[in-house]
Amino acid sequence: MTWPQDPSETDRQALWLVLYQVQDPMNFGAVLRSAYLFGVKKILKTSQNSCSLTPVVSKASAGVMEVIDIYSINQQITDFIQAQQQLGWAVIGTTGQSQPVLRTSGMTEGIATGPGVSPVARCLTNLLMQDYSFDKPTILIVGNEGSGLPVEVLRACDQIVYAELADRTADKGDNYVLDSLNVSVATGILLHCLTVLKMKKRT
């Protein structure tokens, strides 16, 4: 179904998930399964270059596709982000650990916002330890399997996070380099961390 133009959300700790051009049906289904189990209230996907809702997706999701509403975003994703921010939402983008920092010239350490300025990515564990307030509904955006989220999308987000990986620098003598997680695995980790944070805020 197409995403409505004037959505409202009264739950200040609501968590929505946006899939930006996720194309593999097995990944898509696995993400749906994790989202359902971690309490995501709504799932949205970009209308262009995204996986269709097929029987393969349904099987990979363990049937979640049949019981949860999945919306299609027909506008530019940056326009969607800005519209949700104006409605009071916080938007968290995701990136890989291998390229965790986005900045403009002269930008200092820390989170910066404003036209043309990108937030600095940080490990989600640090976000938790630094006591992310979770005082407004939140949208998590995950990107395409190969290219992730484009720079213009990351720049529109309020925060950028990544899942910290083990340092295997000493193991690279065999010329085997693997520096990123499967999108469904990474999404599951990030959703779990945000769920833990929500539970902390309720106690």
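Conventions used here
Residues numbered from 1 in each chain as written. Predicted model: local features only at pLDDT ≥ 70, side-chain atom pairs only at ≥ 80, totals over all residues. Heavy atoms only, no water. Buried < 20%, exposed > 50% of the residue type's maximum accessible area, 1.4 Å probe, protein only. Helix = DSSP H or I, 4+ residues; strand = E, 2+ residues; numbered from the N terminus. Pairing = 2+ DSSP bridges. Expected span 1.5 Å × (residues − 1). Polar contact = N/O pair within 3.5 Å; in protein donor to acceptor, adjacent residues only side chain to side chain. Arc of directions from axis to C-beta. Contact = heavy atoms within 4.5 Å.

K.L.:
Residues and numbers for the pairing of strand β7 (residues 159–162), please.
P.N.:
The side chains of a regular strand alternate, first on one face of the sheet and then on the other. Of the two faces of β7, both are covered, the one formed by Gln159 and Val161 as well as the one formed by Ile160 and Tyr162. The pairing of strand β4 (residues 90–94) with β7 spans 3 bridges and is classified as parallel. The residue bridging Ile92 from the neighbouring strand is Gln159, located in β7.

K.L.:
Got a sec to walk through unusual backbone geometry? Specific residues and values, please.
P.N.:
Leave glycine aside and you will find that most residues have negative phi; peptide bonds, for their part, are mostly trans. Not every positive phi belongs to a glycine, and Gln21 is a case in point at roughly 55°. Relative to the assigned elements, Gln21 resides in the loop between β1 (15–19) and α1 (25–37). Located in the positive-phi region is Asn49, a residue other than glycine, with phi close to 55°. Within the secondary structure layout, Asn49 lies in the loop between β2 (42–46) and α2 (55–60). With a relative accessible area of 49%, Asn49 lands in the partly exposed category.

K.L.:
Can you break down the environment of Glu152 residue by residue, with the values?
P.N.:
When you line up the elements, Glu152 lands in helix α5 (residues 151–156). Take Glu152: its relative accessible area is 49%, and that puts it in the partly exposed class. As a C-alpha pair, Glu152 and Thr78 span 74 residues in sequence and 7.4 Å in three-dimensional space.

K.L.:
Just give me the short version of α1, but keep the residues and values in it.
P.N.:
Owing to its 3.6 residues per turn, the α-helix brings residues three or four apart onto one side. Taking 1.5 Å of rise per residue, 13 residues should cover 18 Å, and α1 covers 19 Å from first to last C-alpha, within 8% of that figure. Taken residue by residue, α1 has Asn27, Phe28, Gly29, Val31, Leu32, Ser34 and Ala35 as its buried positions. At the N-terminal boundary of α1, the capping side chain belongs to Asp24, with an oxygen 2.9 Å from the backbone nitrogen of Met26.

K.L.:
Give a description of helix α3 (residues 77–86) that names residues and reports values.
P.N.:
Those residues of α3 lying buried are Ile77, Thr78, Phe80, Ile81 and Gln84. Buried residues in α3, looked at end-on, bunch into an arc of 160°, giving them a common side. On its buried side, α3 packs onto β1, β2, β3 (70–73), β4, β6 (138–142) and α5. Residue Gly88 follows α3 closely and has a positive phi angle near 100°.

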